Amino acid sequence: MSELWRRCLERLEGELTSEDVHTWLMPLQAREDGHGLFLYAPNPYSLDTVREQYLDKIRTIVEHISGRAMPVRLEVGSSGGRPAPGRPASAPSSAPAHAAPRAPEPAHEPPHVHNLDPHYTFETFVEGKSNQLGKAAAMQVAMNPGRAYNPLLLYGGTGLGKTHLMHAAGNLLMQNNPGAKVLYLRSEQFVSGMVKALQQKNMDDFKRRFRSVDALLIDDIQFFAGKDTTQEEFFHTFNALFEAKQQIILTCDRYPKELDKLEPRLKSRLGWGLSVAIEPPDFETRAAILLSKAAEKDMEVSEDVAMLLAKRIRSNVRDLEGALNTLAARANFYRKPITTDFAEETLRDLLNTHAQAVTVPNIQKTVADYYQVRLSDLLSKRRVRSLARPRQVAMALSKELTEHSLPEIGEAFGGRDHTTVLHACRTIRGFCEKDVRMRQDWEQLIRILTG
Ligand SMILES: Nc1ncnc2c1ncn2[C@@H]1O[C@H](COP(=O)(O)OP(=O)(O)OP(=O)(O)O)[C@@H](O)[C@H]1O
């Protein structure tokens, strides 16, 4: 990050609310050269907001920090030299920051200049049991926008690939229809944009911006919960898009019907299309994702290393990727090949944290709480059904999430035989395959234990 921009952000953090800074200013990328400071906004919508709300302040702070008139340019694109389509990076204005009147920033393109991440495609998305339905649905939507499933809602825990799939759908849609207007936003940006529009009394403009797109992608709609005016506005936007057969894709961190403080009529609308759960990937998929990410980064990672990480890091894909990045950085620094020993050594603390989080006593307590039974009953010999099933779940989770052997697990459950544990694992796996409720319980417990 540009040092000047880093210092400017520090100052802005002291002057603005943290929501404003996180929503609008942190996503800007910065580049500094002898001519001035270039700020790149992820999309035209964000560019407009930054220009209208913050640019003057930024200019003043930059001038103050650098001790001289320093041109600040704002445009859509990225500091990596990849200007967004339709917005070639231009030379900075030579006008000093304080020059008045300042030449207006060029009008932005309509929102077909999106901020989709070009790396998040279906090709780079590894399919497994946990996400294949989500992937198929996202592809369908990209091939038949507004017609296949509307809205498409992808829900599930953090770091499991919802955003990736959403971008992949947007990218494919754009590839098939290069003129399509696809707008991607995090829900905080929708909320904050609406608040600003209300303050400035330009709601018509706000409405027009959202309703003129071919596809509207909103990430993490759980942030709408409890925000009544936002929900109201989103409800109308939704209806307008839906009626005009424009595609809506949403993500949420849980099944929206379970979201408290979300209006019933909005919940009902969300249920009109298709809601698909994205589950945590299983071991094989985790290993395959690691190998694919390593290949993307040109890293030489053996299957053994991928399996080691996949076995030990079960929480989510983002954590897996973080571990891989750490390995890459260290291997590069020490100029060493990435062997399993090197990985164990380098990631010792991280792997221990993941291992510590999931212990058999921890699983027993979590399962007892989840099913609202007493821990002592769970570990007892009593065979009533209300205890037997949670006990089997706890045993199966212990096998899945820890390194303990079947006899060790049996021992931890009041001295049971290892065949009892094996039977529990098979029974629960069978249930998960045919019983939705059981599968939800299982996934939820894994999320609680590894999240
Ligand atoms: N199946 C997959 N194949 C390849 N990469 C994946 C897969 N699943 C997740 N990822 C990667 O994991 C990282 C986190 O994924 P993403 O940001 O899409 O998660 P998310 O579900 O939207 O999380 P959050 O709810 O926290 O926003 C991304 O870098 C993404 O590319």
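Bear in mind that the values here come from a model prediction, so they are computed numbers and not experimental data. Numbers given for residues are sequential positions, taken from 1 along each chain in its written order. In keeping with the predicted nature of the model, local features appear solely for residues at pLDDT of at least 70, side-chain atom pairs appear and are counted solely at 80 or more, and the whole-chain, interface and lining totals rest on all residues. Water and hydrogen atoms were dropped before computing side-chain values, which therefore reflect all heavy atoms in the structure.

Student: How should I be thinking about the overall build of the chain in this particular structure?
Tutor: Numbered from the N terminus, helices here are DSSP runs of H or I no shorter than four residues, and strands are runs of E no shorter than two. The helix and strand tally for the chain stands at 20 helices and eight strands. The cut-offs for exposure are 20% and 50% of the maximum accessible area for each residue type, with area from a 1.4 Å probe on protein chains only; residues under the lower value are buried, those over the upper are exposed, and the others partly exposed. Each of the 451 residues in the chain was classed as buried or not, and the buried ones make up 49%. For the chain, restricting intrachain contacts to residue pairs at least 6 apart in sequence, the fraction spanning at least 24 positions comes to 73%. Residues are treated as being in contact if the distance between any of their heavy atoms lies within 4.5 Å.

Student: I'm lost on the sheet that holds strand β4 (residues 152–155) in this one. Help?
Tutor: Sheet strands line up and pair through hydrogen bonds in the backbone, either parallel or antiparallel. With parallel pairing, the five strands of this open sheet are ordered in space as β5-β6-β7-β4-β8. In the strand order of this sheet, the two ends are held by β5 (182–186) and β8 (274–277), each with one partner. This sheet shows a mean twist of 15 degrees between the axes of neighbouring strands, independent of strand direction. Two elements, strand β6 (residues 215–219) and strand β7 (residues 247–252), share four bridges in a ladder whose sense is parallel. When the sheet's bridge partners are listed, Ile218 is paired in β7 with Leu250. By this definition, two strands are paired if DSSP reports at least two bridges between them. With axes taken as lines fitted to C-alpha atoms, and helix axes fitted only over the stretch in contact, angles between N-to-C directions fall between 0 and 180 degrees.

Student: Help me understand the site of the ligand, please; the structure alone is not making it clear to me.
Tutor: Any residue with a heavy atom positioned within 4 Å of a molecule or strand is treated as near that molecule or strand. Around the ligand sit 19 residues, and of these Thr158, Gly159, Thr163, His164 and Glu321 come closest. Polar contact is defined as a pair of N or O atoms within 3.5 Å, subject to the rule that within protein one atom must be able to donate a hydrogen and the other to accept it, and that residues adjacent in sequence are counted only when both atoms are side-chain atoms. Here an oxygen atom of the ligand and a side-chain polar atom of Tyr120 are 3.3 Å apart. Between the ligand and the protein, one listed contact pairs an oxygen atom with a side-chain N or O atom of Lys293 at 2.9 Å. Each accessible area is a Shrake-Rupley estimate made with a 1.4 Å probe; only the visible protein chains count as cover when residues are assessed. For the ligand, whose free accessible area comes to 640 Å², the fraction covered by protein is 92%.

Student: Help me out: how do you make sense of the environment of Tyr40 in this one?
Tutor: Mapped onto the elements, Tyr40 comes out in strand β2 (residues 36–41). Classification of Tyr40 as buried rests on a relative accessible area of 4%. It is 6.2 Å that separates the C-alpha atoms of Tyr40 and Ala30, two residues lying 10 residues apart in sequence. In terms of polar contacts, Tyr40 uses its side chain to reach the side chain of Arg31, at 3.1 Å.

Student: Would you mind showing me how to read the pairing of β4 here?
Tutor: Each regular strand carries side chains that alternate between the two faces of the sheet. Of the two faces of β4, the one holding Leu152 and Leu154 and the one holding Leu153 and Tyr155 are both buried throughout. Bridge count between β4 and β7: four bridges; the pairing is parallel. Residue Leu152 lies in a different strand from β7, and its bridge partner there is Ile249. In this sheet, β8 lies alongside β4 in parallel orientation, the contact comprising four bridges. Within β8, the position partnered with Tyr155 by the bridge is Ala277.

Student: Please clarify how the pattern of salt bridges should be interpreted in this entry.
Tutor: Side chains that differ in sign of charge can pair as their charged atoms come close. Take a side-chain nitrogen of Lys or Arg and a carboxyl oxygen of Asp or Glu: if they are within 4 Å of each other, that pair is a salt bridge. Summed over all chains, the structure comprises 24 salt bridges. When the shortest N-O distance is used, the salt bridge between Asp205 and Arg209 registers 3.3 Å. Placement of the pair is Asp205 and Arg209 together in helix α7 (residues 203–211), with a separation of four residues, close to one helical turn. The exposure class assigned to Asp205 is partly exposed, which follows from its relative accessible area of 28%. You can call Arg209 buried: its relative accessible area is 18%. Note that Glu345 and Arg348 form a salt bridge whose closest N and O atoms lie 3.0 Å from each other. Here Glu345 falls in the exposed class, since its relative accessible area comes to 51%. Classification of Arg348 as partly exposed rests on a relative accessible area of 43%.

Student: I keep staring at the pairing of strand β3 (residues 72–76) and nothing clicks. Help me out?
Tutor: The buried fraction of β3 amounts to five of the five residues, a majority that puts the element mostly inside the structure. Going residue by residue along β3, you find Val72, Leu74 and Val76 tucked away on one face and Arg73 and Glu75 tucked away on the opposite face as well. As paired strands, β2 and β3 are joined by five bridges and run parallel to one another. Bridging from a neighbouring strand, Ala41 pairs with Val76 of β3. By the criterion used throughout, a crossover qualifies as right-handed when its path from the first strand across the helix to the second strand runs clockwise, the strands pointing away from the viewer. The parallel pair β2 and β3, bridged by helix α3 (residues 44–66), forms a crossover whose chirality is right-handed.

Student: Just checking my understanding: could you explain helix α15 (residues 360–371) for this structure?
Tutor: For an α-helix, 3.6 residues make a turn, and residues three or four places apart therefore share a direction. Compared with the 16 Å implied by 1.5 Å per residue over 12 residues, the 16 Å span of α15 between its first and last C-alpha is a close match. Within α15, burial applies to Val360, Ile363, Gln364, Thr366, Val367 and Ala368. At its buried positions, α15 is contacted by α16 (375–378), α17 (385–401), α18 (406–412) and α20 (436–450). Note on α15: the residue one or two positions beyond its end, Gln372, has a positive phi of about 55 degrees. Take the number of residues in a helix, subtract one, and multiply by 1.5 Å to get its expected span.

Student: Is there a simple way to explain the confidence of the model for the chain in this structure?
Tutor: Keep in mind that low pLDDT regions are not for reading the predicted coordinates in detail. What pLDDT reports is the predictor's confidence in each residue, on a scale of 0 through 100. Here the chain averages 85 in pLDDT, while 91% of its residues score no lower than 70. Across residues 81–113 the pLDDT falls below 50, and counting only partners more than four positions away or on other chains, this stretch makes 70 contacts in the model. Scored by ipTM, the complex comes to 0.99, with pTM at 0.66.

Student: Would you mind going over the nonpolar core with me for this structure?
Tutor: Burial of nonpolar side chains together is a common tendency in soluble globular proteins. Only buried residues count toward a nonpolar core. Its members are Ala, Val, Leu, Ile, Met, Phe, Trp, Tyr and Cys residues joined through side-chain atoms within 4.5 Å. Ranked by size, the top nonpolar core spans 54 residues in total, and within it Trp5, Leu12, Leu25, Leu39 and Ile58 carry the most contacts. Residue contributions to this core peak at nine residues, all from α3. Not counting residues up to four positions away in its chain, the partners in contact with Leu25 are Trp5, Leu9, Leu12, Leu16, Asp20, Val50, Tyr54 and Ile58. Ranked by size, the runner-up nonpolar core spans 27 residues in total, among them Val367, Ala394, Leu445 and Leu449.

Student: Explanation requested: empty space enclosed by the protein in the structure shown.
Tutor: To find the voids left in a structure, one rolls a probe of water-molecule size over its atoms. The rule is simple: put a 1 Å grid over the protein atoms alone, call a set of points where a 1.4 Å probe fits but cannot get out a cavity, call an open set with protein on both sides within 12 Å along at least five of seven lines a pocket, and count a residue as lining if it has an atom within 4 Å of a point. Grid points are joined across faces, edges and corners, and a volume is the space filled by probe spheres set on the points. Inspection of the entire model under this criterion finds two cavities of 30 Å³ or more. In this model, the largest cavity occupies a volume close to 120 Å³. Forming the walls of the largest cavity are 13 residues, and the residues nearest its centre are Glu52, Gly193, Gln200, Asn202 and Arg209. Secondary-structure elements contributing two or more residues to the lining of the largest cavity are α3, α6 (187–199) and α7. Residue type decides the class: Asp, Glu, Lys and Arg count as charged, Ala, Val, Leu, Ile, Met, Phe, Trp, Tyr, Cys and Pro as nonpolar, and the leftover types, Gly among them, as polar. Partitioning the lining of the largest cavity into residue classes produces three nonpolar, five polar and five charged.

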